[in-house]
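Residue strings, one per chain:
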Amino acid sequence: PIEEVIETNIVPRLIELVAQASSTKKIKLEAAWCLRNLCSGTIEETHYITGYGAIPGFLALIESEETELVQQAMWGLANIAGDSFELQTQVFQQNGVEIIMKALENSSVIKLKRIGVWALSNLCKAGKLLQYGWIEKTIPFLCNYLKNETDPEILESTLYCLIGISLINEAIESLLSLDIVPQLIRHLSDSDPTFVKYCLKIIGSLLAGSDEQASVVLKQENLIPGLFKLIDHPKIGIRATLFWVLS
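Residues numbered from 1 in each chain as written. Predicted model: local features only at pLDDT ≥ 70, side-chain atom pairs only at ≥ 80, totals over all residues. Heavy atoms only, no water.

S.K.: So what exactly am I meant to see when it comes to helix α12 (residues 152-165) here?
M.R.: Since the α-helix packs 3.6 residues into each turn, any two residues three or four apart lie on the same face. Here α12 spans 20 Å end to end across 14 residues, near enough to the 20 Å set by a 1.5 Å rise per residue. Most of α12 sits inside the fold, with 10 of its 14 residues counted as buried. Residues of α12 that are buried include every one of Ile154, Leu155, Ser157, Thr158, Leu159, Cys161, Leu162, Ile163, Gly164 and Ile165, and no others. On its buried face, α12 is in contact with α9 (110-124), α10 (132-135), α11 (138-148), α13 (169-177), α14 (181-187) and α15 (193-207). Structurally, the start of α12 carries an N-cap: the backbone nitrogen of Glu153 is 3.2 Å from a side-chain oxygen of Asp151. (Helix = DSSP H or I, 4+ residues; strand = E, 2+ residues; numbered from the N terminus. Expected span 1.5 Å × (residues − 1). Buried < 20%, exposed > 50% of the residue type's maximum accessible area, 1.4 Å probe, protein only. Contact = heavy atoms within 4.5 Å. Polar contact = N/O pair within 3.5 Å; in protein donor to acceptor, adjacent residues only side chain to side chain.)

This is the structure:
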């Protein structure tokens, strides 16, 4: 269906409706919804859509501060960022991360926050390919979410972001300076195995830093007991990740 819609040459018109000041909120919402769905297709289809300006169009909607428009735009950017590193790069270069974070800071709407942090997680998943300057400002933002958020979906996306970020050598010192390890240890005893696995991956990446950085991690109270409690974990994926960390 996406290919058939694209072949009608409607994409430029949808982006025009999103961008033009004379469009009503309802028209912008429906146009953004269509674009969001179209951006969930193949990489080639998403590249075609972004070629007409979908990224700046979505970013402008996020800055509108209209909750429904912001949610659709964030979802669209999440779909775009999930397709390729090239498209992630385009979002970074257009200050997409800063715009998303500002919208999240200004909202208390749980659904919006879930979509926004999920969008950030798609942007951060390239790990070592990312430039530190692109994600530097996300580190205190995400560490604050890890410490204070209670919504499971937001926490899962936050941890997924941090997995990618922790693979960047320059980011390790920033993460340690914000005292992230105690928060990771806290989630090692979580009932959700996804949280446990994600925390193990981040701890493993932090330990892979310099000797001094690894020493900071290892000196954390309850780390070693917390790790050894997972040796008999029923999930084989948890045990496999644990043994990688211990190695």
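S.K.: Can you help me understand helix α5 (residues 54-62) in this one?
M.R.: Taking burial as the measure, the nine residues of α5 include seven buried ones, the bulk of the element. Every buried residue of α5 is listed here: Ala54, Ile55, Gly57, Phe58, Leu59, Leu61 and Ile62. Summarising the contacts, the buried residues of α5 are in contact with α2 (11-19), α3 (25-38), α4 (43-50), α6 (67-81), α7 (85-93) and α8 (96-105).

S.K.: Please clarify how the nonpolar core should be interpreted in this entry.
M.R.: Most often, soluble globular proteins keep nonpolar side chains buried together rather than apart. Ranked by internal contacts, the top residues of the largest apolar core, which has 87 residues, are Ile62, Ile135 and Leu206. Setting aside anything within four residues of it in sequence, one finds Ile62 in contact with Val70, Ala73, Met74, Leu77, Ile99, Ile100 and Ala103. (Core = buried A, V, L, I, M, F, W, Y, C linked by side-chain atoms within 4.5 Å.)

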